[in-house]
Amino acid sequence: MRISFSSASIETVEADVLIAFAPEKKEQPLAAHLAGLNQATGGWLDEIYASGEFSGKAYETALLHRPQGLKAKRLLVVGAGPADKFDDALLSRATGAAIRAARKNASFALYLPDATPEQGKAAAEGAVLGEWEPTRYRTKDETKPIEALIVVSPSSDGHAIEAALERGRIIAESANFTRDVATEPPNVLGPQELAQRARDMAAEQGLQCEVLDQEQMREIGMGSLLAVAAGSVRPPALIILRYRPANEPASQDHLGLVGKGVTFDTGGISIKSAENMDKMKYDMCGGAAMIGTMRALAQLKPRIPVTAFIPTVENMPGGAAMRPGDIVTSLSGKTVEVLNTDAEGRLILNDAITYAKRQGCTHLVDAATLTGACVVALGHIYTGVFSNNSTFEDRFLSFAKTAGEKMWPFPVDDEFRELLKSPFADIANIGGRWGGAITAAYFLKEFAEDTPWIHLDIAGTASYDDGKPWAAKGASGIPVRTLVELAMSW
Ligand code: BES
Ligand code: MN
Ligand code: ZN
């Protein structure tokens, strides 16, 4: 999608579809720009509000063909919800919903009176995310790419908006890259294939990519990660992507991104039930998000070094698989008693976290589809946030808000430590039924130690079970936007 800015008047802009947002109207007069549209269309807006066809509820749409008084071929009015709740996050989703509602058209114009750069970025992101469809394996698919989006804002600073549109496009295209990779079926994409996607992306974007193989990981001592891989015929990998700023950075900070890359999670010997097991192809969404984030950073060039570490394995119940009761020695030297082979994510993340620290990372963020318990707590709406550093966590939560990704903090209280006690090893890999998202996070904290660290449990938010008005079914690309915001604001 080509995205551009225009300060043309709304009557003269040419497009297949002109999009305008209209709020939930409670007997108030229409805002000036909508009053103008209403007049140009001979009172069409008044009519659809009055008839109840359109109430302005968020994501609701109404389409008018051949609007009199406009050059555009169609006018699409999109509900913005209550005016006082229409923030950049909603603007982004409503733009996506508009694109999806009129997906058969090639060119769009979006009318945003007095747009700020932040609004431009949000709109570009929403449009590109909204365009995404998992079409790769549909042999009769007729979905066509959208050619153009013109953001029309008569009285805005064109240069600032253009730059913001460009940033939004890059970020959302990178999130869509994540969604493409993460939605691949598990027969097509195993650990080696995920590594190849990372290599290809790195070559395209000018990043450095290194992939540690099973033998190298054995020599280093990643006994925890390798135990998870043992049940599969597909060998594991540790994918490392490096971004370095061109100029000497102002501080010694080095951001490490760690993403869970389980390309399929059967549960292993502690096997899962059949229902919904297909969803476990999404168990590499954290890893795919880190690869997508690096793709965006390669183009946006933050001021700090960023390195991504993606431990990738397939969790299978093969003859060589790890068993409940096994004790493994992690890279850190800590021993782990495996009480449930389905708690495998933490067993690969711990070694990647230790490795990231040894590579010089001063701050860590990990993203993982880690626990069903997090989905019980926050549903499919919020990502769980866990940290050992409240300053870092508060900053992170504010970036999530700016980026339009919903996140909520959990307490990683030291009282949870005793739930992970093992009689035979330093730590057990599960903590019992209650507080499962927190004990999983606590397990990781034991390996992050005193390095400022944030853990994102994206089990509920990494993929959409059903489509949304603003997004297709499949991987969501969360938390790429927040991670980019974090790195760019450093
Ligand atoms: N990948 C799953 C978590 C998950 C569950 C992601 C549902 C998305 C949707 C993870 O590896 C897992 O199996 N976790 C277990 C942990 C338990 C054995 C302590 C879980 O949540 O049941
Ligand atoms: Mn599991
Ligand atoms: Zn898993």
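Now for a description of the structure that goes with this document.

The rules behind each value
Residues numbered from 1 in each chain as written. Chains lettered and ligands numbered in written order. Predicted model: local features only at pLDDT ≥ 70, side-chain atom pairs only at ≥ 80, totals over all residues. Heavy atoms only, no water. Helix = DSSP H or I, 4+ residues; strand = E, 2+ residues; numbered from the N terminus. Rg over C-alpha atoms; globule rule 2.2 N^0.38 Å. Buried < 20%, exposed > 50% of the residue type's maximum accessible area, 1.4 Å probe, protein only. Contact = heavy atoms within 4.5 Å. Donors = N, O, S within 2.8 Å, 3.2 Å for Na, K, Ca; no water. Tetrahedral: all angles 85-135°; square planar, octahedral: opposite > 155°, others 65-115°. Near = heavy atom within 4 Å. Polar contact = N/O pair within 3.5 Å; in protein donor to acceptor, adjacent residues only side chain to side chain. Areas by Shrake-Rupley, 256 points an atom, 1.4 Å probe, with all protein chains shown as cover. Nonpolar A, V, L, I, M, F, W, Y, C, P; charged D, E, K, R; others polar. Axes fitted to C-alpha atoms, helices over the stretch in contact; angles between N-to-C directions. Parallel < 35°, antiparallel > 145°, perpendicular 65-115°, else oblique. Left-handed = near helix turned anticlockwise from the far one by under 90°. Expected span 1.5 Å × (residues − 1). Lys, Arg positive; Asp, Glu negative; His and termini not counted. Salt bridge = Lys/Arg side-chain N within 4 Å of Asp/Glu carboxyl O. Core = buried A, V, L, I, M, F, W, Y, C linked by side-chain atoms within 4.5 Å. Domains from an automatic or database assignment. Phe/Tyr/Trp six-rings, centres within 6.5 Å; stacked < 30°, edge-to-face > 60°. Lys NZ or Arg CZ within 6 Å of the ring centre and 35° of its normal.

Things to note about the overall build of the chain
- Counting secondary structure elements, the chain contains 14 helices and 20 strands.
- Relative to the 2.2 N^0.38 estimate, which gives 23 Å for 490 residues, the radius of gyration of the chain is 24 Å and therefore close to what a compact globule would have.
- Taken along its principal axes, the extent of the C-alpha atoms in the chain is 80 × 50 × 45 Å.
- By the burial criterion, 59% of the 490 residues in the chain qualify as buried.
- In the chain, the share of contacts with a sequence separation of at least 24, taken over all contacts with a separation of at least 6, comes to 78%.

Considering the coordination of the zinc ion (ligand 3)
- Those donors, Lys260 (NZ), Asp265 (OD), Asp283 (OD) and Glu344 (OE), are the protein atoms that reach the zinc ion (ligand 3), and they lie 2.0 to 2.4 Å from it.
- Considering all six donor atoms around the zinc ion (ligand 3), angles at the metal cover 78 to 175° and the coordination shape is octahedral.
- Binding-site remark: the zinc ion (ligand 3) is held by donors from one chain whose sequence spacing is K-x4-D-x17-D-x60-E.
- If you look at the zinc ion (ligand 3) and the manganese ion (ligand 2), they sit 3.1 Å from each other and are both ligated by Asp265. Of this pair, Lys260 sits in the loop between strand 9 (255-259) and strand 10 (261-265) while Asp283 sits in the loop between strand 10 and helix 9 (285-300), and the two are 23 residues apart along the sequence.

What to know about the site of ligand 1
- The immediate surroundings of ligand 1 are formed by 15 residues, with Lys272, Asp283, Asp342, Glu344 and Gly372 found nearest.
- Taking Thr369, its main chain carries an N or O atom lying 3.3 Å from a nitrogen atom of ligand 1.
- Gly372 has a polar backbone atom sitting 2.7 Å from an oxygen atom of ligand 1.
- Contact with the protein chains removes 73% of the 520 Å² of surface that ligand 1 exposes when unbound.
- Taken together, the residues of the shell around ligand 1 sort by class into four nonpolar, four polar and seven charged.

Some words on the packing of helix 12 (residues 390-403) against helix 14 (residues 480-488)
- Where helix 12 meets helix 14, the closest approach of the two axes is 8 Å, and the angle between their N-to-C directions is 120°. Of the possible angle classes, the one that applies to helix 12 and helix 14 is oblique. Helix-helix and strand crossings are classified by hand; for helix 12 and helix 14 the assignment is right-handed. Where helix 12 abuts helix 14, its residues Phe392, Arg395, Phe396, Phe399, Ala400, Thr402 and Ala403 lie against Arg481, Thr482, Leu483, Glu485 and Leu486.
- Here the contact of helix 12 with helix 14 is built from residues that sort into seven nonpolar, two polar and three charged.

Section: helix 13 (residues 436-448)
- Helix length check: helix 13 (13 residues) gives 19 Å between terminal C-alpha atoms against 18 Å at 1.5 Å per residue, within 8%.
- Taking burial as the measure, the 13 residues of helix 13 include 13 buried ones, the bulk of the element.
- Once helix 13 finishes, Glu449 follows within two positions and takes phi at roughly 50°, a positive value.

Some details on the side chain of Arg295
- In this fold, Arg295 is placed in helix 9.
- Buried and without a salt bridge, Arg295 has Glu173 as its closest oppositely charged side chain, separated by 4.4 Å.
- In this view, Arg295 contacts Ile170, Glu173, Ser174, Phe177, Met201, Gln205 and Leu207; residues no more than four positions away in its chain are not counted.

Quick word on the nonpolar core
- Counting residues in hydrophobic clusters, the biggest one holds 92 residues, and the most contacted among them are Leu241, Met294 and Val365.
- Here the element with the most residues in this core is helix 9; it accounts for ten residues.
- In this structure, this core is formed jointly by two domains, domain 1 (2-131) and domain 2 (176-488), each of which donates at least three residues.
- Setting aside its immediate chain neighbours within four residues, Val365 contacts Leu255, Gly256, Leu257, Val258, Met290, Phe392, Phe396, Ile454, Leu456, Leu483 and Leu486.
- Counting residues in hydrophobic clusters, the runner-up holds 48 residues, among them Val258, Leu347, Leu364 and Ile427.

Regarding the packing of aromatic side chains
- By the definition in use, this model includes eight aromatic pairs.
- Ring geometry for Phe386 against Phe410: centres 4.7 Å apart, planes inclined by 20°, an arrangement best described as stacked. With Phe386 in strand 15 (residues 383-387) and Phe410 in the loop between strand 16 (407-409) and strand 17 (427-428), the pair connects residues that are 24 residues apart, well separated along the chain.
- Note on Phe386: relative accessible area 0%, which makes it buried.
- Aromatic pair Phe443 and Phe447: ring centres 5.2 Å apart, planes at 45°, arrangement tilted. Of this pair, Phe443 and Phe447 both sit in helix 13, four residues apart, which is roughly one turn of that helix. For the residue pair Phe443 and Phe447, the accessibility class agrees, reading buried in each case.
- Over the ring of Phe447 we find Lys334; its NZ or CZ atom is 5.6 Å from the centre of that ring.
- Positioned above the aromatic ring of Trp490 is the side chain of Arg395, whose terminal nitrogen or guanidinium carbon lies 4.9 Å from the ring centre.

As for the environment of Arg242
- Inspection of the secondary structure assignment puts Arg242 in strand 8 (residues 237-243).
- It is 9.5 Å that separates the C-alpha atoms of Arg242 and Gly256, two residues lying 14 residues apart in sequence.
- Apart from the residues within four sequence positions on either side, Arg242 is in contact with Leu207, Gln208, Glu210, Met294, Val306, Thr307 and Gln359.
- Engagement of the side chain of Arg242 in a polar contact is seen with the side chain of Glu210, the distance being 3.0 Å.
- Within the structure, the side chain of Arg242 is placed 2.8 Å from the side chain of Gln359, a separation counted as a polar contact.

Description of the environment of Lys334
- With respect to the helices and strands, the residue Lys334 is situated in the loop between strand 12 (327-329) and strand 13 (335-337).
- With 321 residues separating them in the primary sequence, Lys334 and Val13 have C-alpha atoms 64 Å apart.
- At a separation of 3.1 Å, a polar atom in the side chain of Lys334 contacts the main-chain carbonyl oxygen of Glu446.

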